[in-house]
Amino acid sequence: MRYELLSGHTKCISEEIHANAMSVGKYSIVNPNEHHPLPASNKVTVRVTSPQGTAYHEADGVESGQFSLTAIETGDYVACFSAVDHQPETLLVIDFDWRTGIHTKDWSNVAKKSQVEMMEFEVKKLFETVTSIHDEMFYLRDREEEMHELNISTNSKMAWLSFLSLAVCLSVAGLQFWHLKTFFEKKKLI
């Protein structure tokens, strides 16, 4: 993906990564004048962090770079790009490629020229796809189980709240009845 970043500003991109999944990223500043080197103002600071804030990659004042990580926990991993503050403001175009899971492998380098090796390559690719789908299914099953437990917990709390509100209403009605009865007895209407 390509996006624009003004000097002195920060832009963050997040990616949900499952635990034990591999993730790789490459970034570079696009040179607006291909025949000239990049100006000194075209530098960025890059920081890649986990959902808990652990830094996996940090680079200051770079034109390009790459990172790779294996996720320890499931969650949103964030890559933040900060442009060096420069006057007048400079518009940087950043080319960013972030791949996760099965997409991290460059399958074209794995493939061989013979037919048998080509079939082996396809089988490996399919096996990786099936493994990825299998892991995703288990992740979704765990999430569904968590949601089911949350629904049961919420329903039981709502039932207790309903009983409590019914008890409060009945006790208030009883107090009103008792108050009115004593009031009318004092006035000798009953």
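Just so you know, these numbers come straight off a predicted model, no measurement behind them.

K.L.:
How do you make sense of the overall build of the chain when you look at a structure like this?
P.N.:
Counting secondary structure elements, the chain contains two helices and eight strands. What you see for the chain is a C-alpha radius of gyration of 31 Å, clearly larger than the 16 Å of a compact globule of 190 residues, by over 25%. Its C-alpha atoms put the chain at 105 × 60 × 25 Å along the principal axes. With 190 residues in all, the chain has 22% of them scored as buried.

K.L.:
Looking at this structure, I do not really get the sheet that holds strand β4 (residues 44–49). What am I missing?
P.N.:
Sheet strands associate in pairs through backbone hydrogen bonding, adopting either a parallel or an antiparallel arrangement. Taken in spatial order, the four strands make up an open sheet running β2-β7-β4-β5, and their pairing is antiparallel. Bordering the open sheet on either side are β2 (10–17) and β5 (55–62), each of which pairs with just one other strand. Neighbour-to-neighbour, the strand axes of this sheet turn through a mean angle of 10°, independent of strand direction. Note that β4 and strand β7 (residues 75–83) share six bridges and pair antiparallel. Residue pairing across strands places V46 opposite F81, the latter belonging to β7.

K.L.:
Help me understand the nonpolar core in this model?
P.N.:
One broad rule of soluble globular proteins: the nonpolar side chains tend to lie buried together. Counting 24 residues, the largest nonpolar core has Y27, V44, F67, F81, F96 and W98 as its most contacted members. Looking at this core, the elements with two or more residues in it are β1 (2–6), β2, β3 (22–29), β4, β5, β6 (64–70), β7 and β8 (91–100). Beyond its immediate chain neighbours, meaning those up to four positions away, F81 contacts Y3, L5, H9, T10, K11, Y27, T45, V46, I94 and F96.

K.L.:
Is there a simple way to explain the UniProt feature "transmembrane region" (unreviewed entry) in the chain in this structure?
P.N.:
Here the UniProt feature "transmembrane region" (unreviewed entry) sits at residues 158–178. Secondary structure across residues 158–178 comprises 100% helix and 0% strand; the distance between its end C-alpha atoms is 30 Å.

K.L.:
Looking at this structure, how should I read the sheet that holds β3?
P.N.:
As summarised here, the arrangement of the four strands in space is β1-β8-β3-β6, forming an open sheet in which the pairing is antiparallel. Both edges of this open sheet fall to β1 and β6, since each of them pairs with a single strand only. Here the strands of the sheet are splayed against their neighbours by 25° on average, with no regard to which way each runs. Where β1 and β8 come together, five bridges link them in antiparallel fashion. Residue pairing for β8: Y3 is matched across the bridge by I94.

K.L.:
Hey, could you run me through the packing of aromatic side chains in this one?
P.N.:
Where two aromatic rings form a pair, the distance of their centres and the angle of their planes describe that pair. All chains considered together, the criterion is met by eight aromatic pairs. Taken together, the ring pairs connect Y3, Y27, F67, F81, F96 and W98 into an aromatic cluster.

K.L.:
Explain the pattern of salt bridges here, please?
P.N.:
A side chain of one charge can pair with a side chain of the opposite charge if their charged atoms are brought near each other. All chains considered together, the criterion is met by four salt bridges. Among the salt bridges present, the one from E63 reaches K43, with a minimum N-O distance of 2.9 Å. Of this pair, E63 sits in the loop between β5 and β6 while K43 sits in the loop between β3 and β4, and the two are 20 residues apart along the sequence. The closest approach of N and O atoms between R47 and E58, which form a salt bridge, is 3.2 Å. In this pair, R47 sits in strand β4 while E58 sits in strand β5, placing the two residues eleven residues apart along the sequence.

K.L.:
Please explain a negative patch on the surface as it appears in this structure.
P.N.:
Taken together, the side chains of D142, E144, E145, E146 and E149 present a region of like negative charge at the surface. Mapped onto the secondary structure, E145 falls in helix α2 (residues 115–186).

Cut-off values and rules
Residues numbered from 1 in each chain as written. Predicted model: local features only at pLDDT ≥ 70, side-chain atom pairs only at ≥ 80, totals over all residues. Heavy atoms only, no water. Helix = DSSP H or I, 4+ residues; strand = E, 2+ residues; numbered from the N terminus. Rg over C-alpha atoms; globule rule 2.2 N^0.38 Å. Buried < 20%, exposed > 50% of the residue type's maximum accessible area, 1.4 Å probe, protein only. Pairing = 2+ DSSP bridges. Axes fitted to C-alpha atoms, helices over the stretch in contact; angles between N-to-C directions. Core = buried A, V, L, I, M, F, W, Y, C linked by side-chain atoms within 4.5 Å. Contact = heavy atoms within 4.5 Å. UniProt positions renumbered as here; feature names shortened; annotations may be inferred. Phe/Tyr/Trp six-rings, centres within 6.5 Å; stacked < 30°, edge-to-face > 60°. Salt bridge = Lys/Arg side-chain N within 4 Å of Asp/Glu carboxyl O. Patch = residues over 30% accessible without salt bridge, like charges linked within 9 Å, V, L, I, M, F, W, Y side chains within 5 Å. Areas by Shrake-Rupley, 256 points an atom, 1.4 Å probe, with all protein chains shown as cover. Lys, Arg positive; Asp, Glu negative; His and termini not counted. Charge placed at Lys NZ, Arg CZ, Asp CG, Glu CD.

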